[in-house]
Amino acid sequence: MLTSYIALIVAVYAIEALALWRVRLAYSRCACCTEGVEEAGAVVARRMLRAYGVDEVAVHGGEQGLSDRYDRDEHAVVLSDEVYSSCNAAALAIACHECGHACQDAEGVRMLRGWGLLVSATRVLASAWVFVLILGIAMDAASVCVAGVAALTLAVACSLIALPVELDASKRALAFLESCEEAPVLPEQTMRAVREVLRAAAASYLAESLLGILDLAVRATSSFVHEGNTGSNSAH
């Protein structure tokens, strides 16, 4: 039983890693697309905020890696250095995606109110459940296993709730770059690269949610079968 669970856990993490790798690959490839891009991510981000009437939102740089985010408490779009100062399709896509969250906040999108907490909770729970579950199996402690499955259930729920918020932010980013008068005029090749980055990010959000559901279903089924077998053996 322990071996099968470990195999499942490894498979889930491998697929999640593949989805993240696809995002990073898309970013790296589209970061080379600079045709027609004359302004850095930060400049275009400010353009988008101004176009949607939320220019009071600040745009900051200084983050490391792909850690870009909209900070609702600070009322600021926080960009990594490579997105903040780079003039390429990938930087524009990510910067405008984060501005999409700022636009959601300005419009009072209800789901955004708890979005930051949901993202944080998903990350914590997604990291914690596997260790709790393995500990419970190793100890043969049903209560600890239940706690691990409960943590996974909450992680999946948080991920599903946050998914529409992420997809809507990407939709807003694309709408701005494609048709807004305030947006820079980009050639079709560059817009294809922008769409590729946004699609890759959306696919990673969706994959994370679907994998969580699949994993939860497998565990629930395994538990049901195990209990059924135990009951059958007891009857004999």
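Residues numbered from 1 in each chain as written. Predicted model: local features only at pLDDT ≥ 70, side-chain atom pairs only at ≥ 80, totals over all residues. Heavy atoms only, no water.

J.: Can you walk me through the overall build of the protein in this structure?
T.: Within the protein one finds seven helices and three strands. The secondary structure elements of the protein, listed N-terminal to C-terminal, are α-α-β-β-β-α-α-α-α-α. A total of 236 residues make up the protein; the buried ones form 41% of that total. A separation threshold of at least 6 residues defines the contact pool for the protein, and within that pool the share at least 24 residues apart is 71%. Accessible surface, the protein: about 12,400 Å² in total, of which carbon and sulfur atoms supply 61%. (Helix = DSSP H or I, 4+ residues; strand = E, 2+ residues; numbered from the N terminus. Buried < 20%, exposed > 50% of the residue type's maximum accessible area, 1.4 Å probe, protein only. Contact = heavy atoms within 4.5 Å. Areas by Shrake-Rupley, 256 points an atom, 1.4 Å probe, with all protein chains shown as cover.)

J.: What's the story with the pattern of salt bridges in this structure? I'm lost.
T.: In the structure shown here, the tally under the stated rule is seven salt bridges. Between Arg172 and Glu107 there is a salt bridge; the shortest N-O distance is 3.0 Å. Placement of Arg172 in helix H6 (residues 142-179) and of Glu107 in the loop between helix H4 (89-106) and helix H5 (115-139) is noted, with a sequence separation of 65 residues between them. In this structure, Arg172 engages Asp168 in a salt bridge whose closest nitrogen and oxygen atoms are separated by 2.6 Å. Remark: Asp168 and Arg172 occur in helix H6; sequence separation between them is four residues, near one turn of the helix. The exposure class of Arg172 is buried, given its relative accessible area of 18%. Given a relative accessible area of 26%, Asp168 falls into the partly exposed group. (Salt bridge = Lys/Arg side-chain N within 4 Å of Asp/Glu carboxyl O.)

J.: How should I be thinking about the sheet that holds strand E2 (residues 69-71) in this particular structure?
T.: The three strands are arranged E1-E3-E2 in an open sheet whose pairing can be described as mixed. The open sheet has two edge strands, strand E1 (58-63) and E2, and neither has a second partner. Taken pair by pair, the neighbouring strands of this sheet meet at an average axis angle of 30°, ignoring direction. In this sheet, strand E3 (residues 76-80) lies alongside E1 in parallel orientation, the contact comprising four bridges. Note that in E3 the partner of Val59 across the bridge is Val77. Along the sheet face, helix H2 (residues 41-51) touches E1 and E3 and points at about 155° away from the line of E1. (Pairing = 2+ DSSP bridges. Axes fitted to C-alpha atoms, helices over the stretch in contact; angles between N-to-C directions.)

J.: Looking at this model, I keep getting lost on the pairing of E3. Mind explaining?
T.: On a regular strand, each side chain points to the face opposite its neighbour's, so the side chains alternate between the two faces of the sheet. By the criterion of burial, E3 is predominantly enclosed, with five of the five residues buried. Taking the residues between adjacent antiparallel strands as the criterion, E2 and E3 are bridged by four residues, where His75 takes a positive phi near 55°.

J.: What exactly am I supposed to notice about the nonpolar core here?
T.: Most often, soluble globular proteins keep nonpolar side chains buried together rather than apart. Counting residues in hydrophobic clusters, the biggest one holds 37 residues, and the most contacted among them are Val77 and Leu177. For this core, the secondary structure elements donating two or more residues are helix H1 (2-30), H2, E3, H4, H6 and helix H7 (188-235). Looking at this core, the element that brings in the most residues is H4, giving eleven residues. Ignoring anything within four residues of it in the chain, the contact list for Val77 reads Val57, Ala58, Val59, His60, Arg69, Tyr70, Glu98, Cys99 and Ala102. (Core = buried A, V, L, I, M, F, W, Y, C linked by side-chain atoms within 4.5 Å.)

J.: Would you mind showing me how to read the packing of H2 against H4 here?
T.: For any two helices packed against each other, one specifies the inter-axial angle together with the distance between the axes. The interhelical angle for the contact between H2 and H4, taken along N-to-C directions, is 30°, at an axis separation of 9 Å. Of the two possible hands of crossing, H2 and H4 adopt the one that is right-handed. For the pair formed by H2 and H4, the contact residues are Gly41, Val44, Ala45, Met48 and Leu49 on the first element and Ala91, Leu92, Ala95, Cys96, Cys99, Gly100, Ala102 and Cys103 on the second. Of the residues in the contact of H2 with H4, the class split is eleven nonpolar, two polar and no charged. (Left-handed = near helix turned anticlockwise from the far one by under 90°. Nonpolar A, V, L, I, M, F, W, Y, C, P; charged D, E, K, R; others polar.)

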